[in-house]
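Reading the structure
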Amino acid sequence: MPSDLCISVDSTTPISEEQKVKYNFISTSLVYIMDGEEHVDQFADELEKSNFFEKLRNGAEATSKSASPKHFMNMWKPALEQGKSILHLSISSHVSTAYESATIAAEALNAVYPDKIHVFDTLIGGACVTEMAIDAAELAKQGATIHEITTWLNQEKKKYNMMMCVDDISHAKRDGIINTFQAAIGSAIGIKPVLYATEQGEIEMLSIVRGLKNAYALITEIIDAVKTDETTWVSVSHAGDEYNALMMVESAREKLKQVKDTEVSVLSPVLGINGGPGLVAIYFKGKERKAIFEYIQNKKKK
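Residues numbered from 1 in each chain as written. Predicted model: local features only at pLDDT ≥ 70, side-chain atom pairs only at ≥ 80, totals over all residues. Heavy atoms only, no water.

With that settled, consider the confidence of the model for the chain. Model confidence for the chain is summarised by a mean pLDDT of 88, while 91% of its residues fall at 70 or above. Confidence, read as mean pLDDT per element, is least for helix α8 (residues 180-186) in the chain (45) and greatest for strand β7 (residues 117-121) (98). pLDDT under 50 marks residues 171-188. Its contacts with residues more than four places away, or in other chains, come to 34 contacts. (pLDDT = per-residue confidence, 0-100. Helix = DSSP H or I, 4+ residues; strand = E, 2+ residues; numbered from the N terminus. Contact = heavy atoms within 4.5 Å.)

Spelled out as structure tokens, the structure:
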């Protein structure tokens, strides 16, 4: 990567230490509240994250907190002082205040370091942002400018898809991720709501399925229906339920033969709070997100 460009993300984007070193990523930790105390989302390993979700399962109360622009400014300043530019890839502005805070931080720092920071709304989250960050870093290595990279990302970002199966949809309702009517439907006993990220970067109810196996079967069916030549990887993140995450991965491997790369990780606490313990999120690249909604609508008509 050219020495004058850094790719930045926040802690809702899973990146390994190896990736951080290889691509010179900057990651800003977000903040959450648990049992009245403020914590920084900077877990060093998967076990710590799993313990966090176990506390939630046992009744601890946690909420995400609005990200402070100062967090971003503090992480970006060292790179700026070295004469580098920064491209920040933010989690969707429709599910988090992190985009707004990053934009405020960029405006303040750009007053001192003119046109050095660009904030990009990915309209997605999680492992999809990881893949976008890697793609951006590889383009930068090839000599692409920030403008060329963001132009490419704008063309490609709606092909990055996310679906979720939640165990307790009340968490999504509480944090404003979905509306009251959708939450009421999804709270029925034995029902597993399947949610997805829209083209606008919002989280909407896609379908309701009875039983977890049926939910995973539907998700795999959808991926198969909207896959493209770029559907070579599927990433699954979970909120403290590795067994069910592995079940989802196995379902994908069994039916999606062209998928060669699968991985399982624990969601960042800030993301997991919104879905609650038992949430499983599935990420992949395929057709544009509207194809998922259209597939379900056509399925209902049959």
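The next point concerns the nonpolar core. Ile7, Trp76, Leu87, Leu89 and Tyr283 are the most contacted members of the largest nonpolar core, which has 64 residues in total. If one sorts the elements of this core by residue count, helix α5 (residues 127-141) sits on top with nine residues. (Core = buried A, V, L, I, M, F, W, Y, C linked by side-chain atoms within 4.5 Å. Buried < 20%, exposed > 50% of the residue type's maximum accessible area, 1.4 Å probe, protein only.)

What follows covers the sheet that holds strand β12 (residues 261-266). Spatially, β10-β9-β8-β13-β11-β12 is the arrangement adopted by the six strands of the open sheet, whose pairing is mixed. The sheet is open, and its two edges are formed by β10 (203-210) and β12, each paired on a single side. Each strand of the sheet is rotated relative to its neighbour by a mean of 20 degrees, with strand direction disregarded. Looking at chain direction, strand β8 (residues 160-165) and strand β9 (residues 191-197) are connected through three bridges and run antiparallel. Counterpart to cysteine 165 in the pairing with β9 is valine 194. Sheet contacts for helix α12 (residues 290-301): β8, β9, β10 and β13 (280-285); angle to β10, the most-contacted strand, approximately 40 degrees. (Pairing = 2+ DSSP bridges. Axes fitted to C-alpha atoms, helices over the stretch in contact; angles between N-to-C directions.)

Evaluated as defined, the whole model comprises six salt bridges. A salt bridge links glutamate 221 to lysine 299; the nearest nitrogen and oxygen atoms lie 2.8 Å apart. Taken as a pair, glutamate 221 in helix α9 (residues 212-226) and lysine 299 in helix α12 lie far apart in primary sequence, 78 residues in all. Across the pair lysine 227 and aspartate 224 runs a salt bridge whose closest N-O atoms are separated by 2.7 Å. (Salt bridge = Lys/Arg side-chain N within 4 Å of Asp/Glu carboxyl O.)

So, on to the packing of aromatic side chains. Taken as a whole, this structure holds four aromatic pairs when the rule is applied. Between the aromatic rings of tyrosine 32 and phenylalanine 52, the centroid separation amounts to 5.1 Å while the plane-to-plane angle is 75 degrees, which identifies the pairing as edge-to-face. Of the two residues, tyrosine 32 sits in strand β3 (residues 31-34) while phenylalanine 52 sits in helix α2 (residues 46-57), which places them 20 residues apart along the sequence. Under the relative-accessibility criterion, tyrosine 32 is labelled buried at 4%. (Phe/Tyr/Trp six-rings, centres within 6.5 Å; stacked < 30°, edge-to-face > 60°.)

This paragraph deals with the environment of aspartate 115. Turning to its location among the elements, aspartate 115 is positioned in the loop between α4 (98-110) and β7. Look at aspartate 115 and you get exposed, because its relative accessible area is 57%. Expressed as a C-alpha distance, the spacing of aspartate 115 and serine 85, which sit 30 residues apart in the sequence, is 8.2 Å.

Burial within strand β6 (residues 85-90) is extensive, with six of its six residues counted as buried. Every second residue of β6 is oriented toward a common face, with Ser85, Leu87 and Leu89 on one face and Ile86, His88 and Ser90 on the other, all of them buried. The sheet contact formed by strand β1 (residues 5-10) and β6 spans four bridges and is parallel. Bridge pairing in β6 places serine 8 opposite histidine 88. Two elements, β6 and β7, share five bridges in a ladder whose sense is parallel. Bridge pairing links leucine 87 to histidine 118 in β7. Following the backbone out of β6, through α4 and into the adjacent parallel β7, one traces a crossover that is right-handed. (Right-handed = clockwise from strand over helix to strand, strands pointing away.)

Here we take up the pairing of strand β4 (residues 37-40). If a strand is regular, its side chains alternate between the two faces of the sheet. As defined by bridge partners, β3 adjoins β4 across four bridges and the pair is classed as antiparallel. Opposite valine 31, over in β4, you have valine 40 as the bridge partner. Connecting β3 to the antiparallel partner β4 that follows it, the hairpin turn spans two residues, and aspartate 35 within it adopts a positive phi of roughly 50 degrees.

Let us look at the state of the cysteines. For the structure on display, the rule yields zero disulfides. This cysteine, cysteine 165, is not joined by any disulfide, and cysteine 128 carries the nearest cysteine sulfur, 17 Å off. Relative accessible area serves as the criterion here: at 1%, cysteine 165 is assigned to the buried category. (Disulfide = S-S within 2.5 Å.)

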